[in-house]
Amino acid sequence: MGATVGGVGVLLSNFAKKVLVSVCYISPRILKVTLNGNPQTTIIVTYSPTNVADEDDVTDFYNQLTKATSEVPEHNFLVVIGDFNARMNFHASIENNIVVTNTTFKKRATKLWTCELPNYCMRSAIDGREENLGFTVNPRRSRRVGPLCVTDLDFADDIALISDTASQAQELLEMIEKAALRVGLHMNTKKTKCMVFNQQTEVDIMRDP
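Here's what I pulled together on the structure shown here. Fair warning: this is a prediction, and the values are worked out from it, not measured in the lab.

**A closer look at the nonpolar core**
Nonpolar side chains in soluble globular proteins tend to be buried together.
Phase 1: If you look at the biggest cluster of nonpolar residues, it comprises 10 residues: Cys 121, Met 122, Ala 125, Ile 126, Leu 133, Leu 172, Met 175, Ile 176, Ala 179 and Ala 180.
Phase 2: Only helix 4 (117-126) and helix 6 (166-182) provide two or more residues apiece to this core.
Phase 3: Filtering out sequence-adjacent residues up to four positions away, Ala 125 remains in contact with Met 175, Ile 176 and Ala 179.
Phase 4: Grouped together as the second largest cluster of nonpolar side chains are six residues, Ile 30, Phe 61, Leu 65 and Val 72 included.

The structure is reproduced here in structure tokens:
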């Protein structure tokens, strides 16, 4: 399945293969695996729709997930894993008798670190130039109170660049593309779209092939 639709799987060791009881396909986004043992272990692998998905698709996903978990025998050890593209609702976890493990097994603050390459590209490319490249939300009020400008909006794993003018948008796109290339990231031309508002003439934002 395509990444924008779903697709889940499970990778088993040789030992896990020997105790595999069943694999149940529920949907392109939900897969249920049962392993023999005392007690039996049921693993539900998920890939949730993102926050830009159709509301009906999101509702269907969680209805299917709720049904899948409710059908697991109470004496089974249940593990629900995957990419939820969301924050866990604390009260919902209590109501369903679920332990959110990544809130239980925490490392010390000094041991927590991550690498945010897309965000690094954005900040390294435009840091300090928001007023010259971004979309003006509030204009400059005085010499001391500058304008409020926004250069980008994040939608799940996509980024929307916004500017006041086409020339600014072109420069913004080129700067971010160069910063991305320095760390091995490439823009997907087929998925890159340009939208223009309040312009009388046609505008075409180009990127290097």
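**Topic: the side chain of Thr 46**
Phase 1: Along the chain, Thr 46 turns up in strand 3 (residues 41-47).
Phase 2: What makes Thr 46 buried here is its relative accessible area of 3%.
Phase 3: In this view, Thr 46 contacts Val 8, Arg 29, Phe 61, Leu 65, Val 80, Ile 81, Gly 82, Asp 83 and Phe 84; residues no more than four positions away in its chain are not counted.

**Thoughts on the pattern of salt bridges**
For side chains of opposite charge, pairing can occur when their charged atoms come near one another.
Phase 1: One pass over the structure, following the stated rule, counts one salt bridge.
Phase 2: As a salt-bridge pair, Lys 67 and Glu 71 come within 2.4 Å of each other at their nearest N and O atoms.
Phase 3: Owing to a relative accessible area of 46%, Glu 71 belongs among the partly exposed residues under this scheme.

**Considering the environment of Phe 77**
Phase 1: Note on placement: Phe 77 falls in strand 4 (residues 77-83).
Phase 2: When the C-alpha positions of Phe 77 and Thr 42 are compared, they lie 6.1 Å apart, and in sequence the two are 35 residues distant.
Phase 3: Apart from the residues lying within four places of it in its own chain, the contact partners of Phe 77 are Pro 39, Gln 40, Thr 41 and Thr 42.

**Points about the sheet that holds strand 4**
Phase 1: One open sheet accounts for four strands, arranged 1-2-3-4; its pairing is mixed. Among the strands making up the open sheet, the edge pair consists of strand 1 (20-27) and strand 4. Along the sheet, successive strands turn relative to each other by an average axial angle of 15°, direction set aside.
Phase 2: With six bridges connecting them, strand 2 (residues 30-35) and strand 3 associate as antiparallel partners. Within strand 3, the residue paired with Val 33 across the bridge is Ile 43.
Phase 3: Relative to the sheet, helix 2 (residues 55-70) contacts strand 1, strand 2, strand 3 and strand 4, its axis offset from that of strand 3 by approximately 175°.

**Thoughts on helix 6**
Phase 1: For helix 6, which comprises 17 residues, the first-to-last C-alpha distance of 25 Å matches the rise-based estimate of 24 Å (1.5 Å per residue) to within 8%.
Phase 2: Listing the buried residues of helix 6 in full gives Gln 168, Gln 170, Leu 172, Leu 173, Met 175, Ile 176, Glu 177, Ala 179 and Ala 180.
Phase 3: Directly beyond the C-terminal end of helix 6, a positive phi value near 85° is found at Gly 184.

What counts and how
- Residues numbered from 1 in each chain as written.
- Predicted model: local features only at pLDDT ≥ 70, side-chain atom pairs only at ≥ 80, totals over all residues.
- Heavy atoms only, no water.
- Core = buried A, V, L, I, M, F, W, Y, C linked by side-chain atoms within 4.5 Å.
- Buried < 20%, exposed > 50% of the residue type's maximum accessible area, 1.4 Å probe, protein only.
- Helix = DSSP H or I, 4+ residues; strand = E, 2+ residues; numbered from the N terminus.
- Contact = heavy atoms within 4.5 Å.
- Salt bridge = Lys/Arg side-chain N within 4 Å of Asp/Glu carboxyl O.
- Pairing = 2+ DSSP bridges.
- Axes fitted to C-alpha atoms, helices over the stretch in contact; angles between N-to-C directions.
- Expected span 1.5 Å × (residues − 1).

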